[in-house]
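One-letter residues, chain by chain:
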Amino acid sequence: MHLADPPMLSYFLLENPWPLSISLAAVGIVLAWVARQRANGRLATGALVLVVAALGVQVASTMVKTDRETILEETQAFLDTTAPLSVHAFEARLDKRATVVRPTGQWLAGDEIVTQLQQQAGKTVIRKQVILDIEAEMRGDNAARSLFDVRTETNLGSFPSRWMITWVRDAGGPWKVLTIEWLESDRVGAINPDFVGRQF
């Protein structure tokens, strides 16, 4: 399962500018060398424009954060609220309509999510959440999804799993978690099926 690729223009201009900026700079350097060999002022000007454009792409990428990049950061920040567990920080990121879904269907909703988390916190201590792979997809201006593989390190061992989070926001407001969906895990269900509720 994969999410949709980001728009190419914003991706290569703002999120991953290195291929474009390196290409522009390389062409500019070659053009500058040719201009010097031929003493051609117009070529030299073109070379300068390309090098400046390469620098401009880099500057723009550091000054502008796309919504997709924000979702990637929000996903990591949300996981960080569980390692170690901060109930207040975790709850603050939930939408009031939040639900937890597992492969068999909806599992927890609303206050049940935090209650379950608190009940299980004494049994399993989450020490670290390590994202192994992550994708993000915008679904309009105020909705998004993140799909990620995570390794959860606990006092009971290390557990790999895959999750998808649906994010929503009011116009201009902060991103909130609407749905937490457990997709799969190699070991979680075999050891303790309740553990999936503590791996957010």
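Observations regarding the pattern of salt bridges
What the rule picks out here adds up to nine salt bridges. For Glu 74, the salt bridge identified is with Arg 93, shortest N-O distance 2.5 Å. Residue Glu 74 is located in helix H4 (residues 67-80), and its partner Arg 93 is located in the loop between helix H5 (87-92) and strand S1 (94-102); the two are separated by 19 residues in the primary sequence. You can call Arg 93 partly exposed: its relative accessible area is 24%. The salt bridge involving Arg 162 is made with Asp 149; its shortest N-O contact spans 2.6 Å. A residue pair is termed long-range when its members are at least 10 positions apart, and Arg 162 in strand S5 (residues 157-168) and Asp 149 in strand S4 (residues 143-154) qualify at 13 residues. When sorted by exposure, Arg 162 lands in the same class as Asp 149, which is buried. Salt bridges sharing partners connect three or more residues here, namely Glu 137, Arg 139 and Arg 145.

A closer look at the pairing of S4
Among the 12 residues in S4, 10 count as buried, and that is most of the element. In this sheet, S4 lies alongside strand S3 (residues 126-138) in antiparallel orientation, the contact comprising 11 bridges. Paired with Glu 137 across the two strands is Arg 145, which belongs to S4. Taking the residues that link successive antiparallel strands as the turn, the S3-S4 hairpin has four residues, and the phi of Gly 140 there is positive, at about 95°. Bridging between S4 and S5 involves 12 bridges; their strand directions are antiparallel.

Quick look at the packing of helix H1 (residues 8-15) against helix H3 (residues 41-63)
Two elements in contact, H1 and H3, have axes whose closest approach is 7 Å; the angle formed by their N-to-C orientations is 95°. Regarding the angle of H1 to H3, the classification is roughly perpendicular. Across the interface between the two elements, Phe 12, Leu 13 and Leu 14 from H1 touch Val 57, Ala 60 and Ser 61 from H3. In terms of residue class, the contact of H1 with H3 is built from five nonpolar, one polar and no charged.

Some remarks on helix H6 (residues 111-121)
Residues of H6 that are buried: Ile 113, Val 114, Gln 116, Leu 117 and Gln 120. Taken down its axis, H6 places every buried residue within 160° of arc, on the same side. Pointing more than 90 degrees away from the buried face of H6 are the exposed residues Asp 111 and Gln 119. Those residues of H6 that are buried are in contact with H5, S1 and strand S2 (105-109).

Focus on the nonpolar core
Counting residues in each nonpolar core, the largest one holds 23 residues, and the members touching the most others are Phe 78, Phe 90, Leu 94, Ile 113, Trp 167, Val 177 and Ile 180. Within the residue set of this core, elements represented by two or more residues are H4, S1, S2, H6, S4, S5 and strand S6 (176-185). Those residues in contact with Leu 94, other than ones at most four positions away along the chain, are Phe 78, Ile 113, Val 114, Lys 176, Val 177 and Ile 180.

Focus: unusual backbone geometry
Across the junction of Ala 83 and Pro 84, the peptide omega takes the value -5°, indicating a cis bond. With respect to the helices, strands and loops of the structure, Pro 84 is situated in the loop between H4 and H5. Phi is positive for Ala 39, close to 50°, though the residue is something other than glycine. Tracing the backbone through its elements, the reader meets Ala 39 in the loop between helix H2 (18-38) and H3.

About the criteria used
Residues numbered from 1 in each chain as written. Predicted model: local features only at pLDDT ≥ 70, side-chain atom pairs only at ≥ 80, totals over all residues. Heavy atoms only, no water. Salt bridge = Lys/Arg side-chain N within 4 Å of Asp/Glu carboxyl O. Helix = DSSP H or I, 4+ residues; strand = E, 2+ residues; numbered from the N terminus. Buried < 20%, exposed > 50% of the residue type's maximum accessible area, 1.4 Å probe, protein only. Pairing = 2+ DSSP bridges. Axes fitted to C-alpha atoms, helices over the stretch in contact; angles between N-to-C directions. Parallel < 35°, antiparallel > 145°, perpendicular 65-115°, else oblique. Contact = heavy atoms within 4.5 Å. Nonpolar A, V, L, I, M, F, W, Y, C, P; charged D, E, K, R; others polar. Arc of directions from axis to C-beta. Core = buried A, V, L, I, M, F, W, Y, C linked by side-chain atoms within 4.5 Å.

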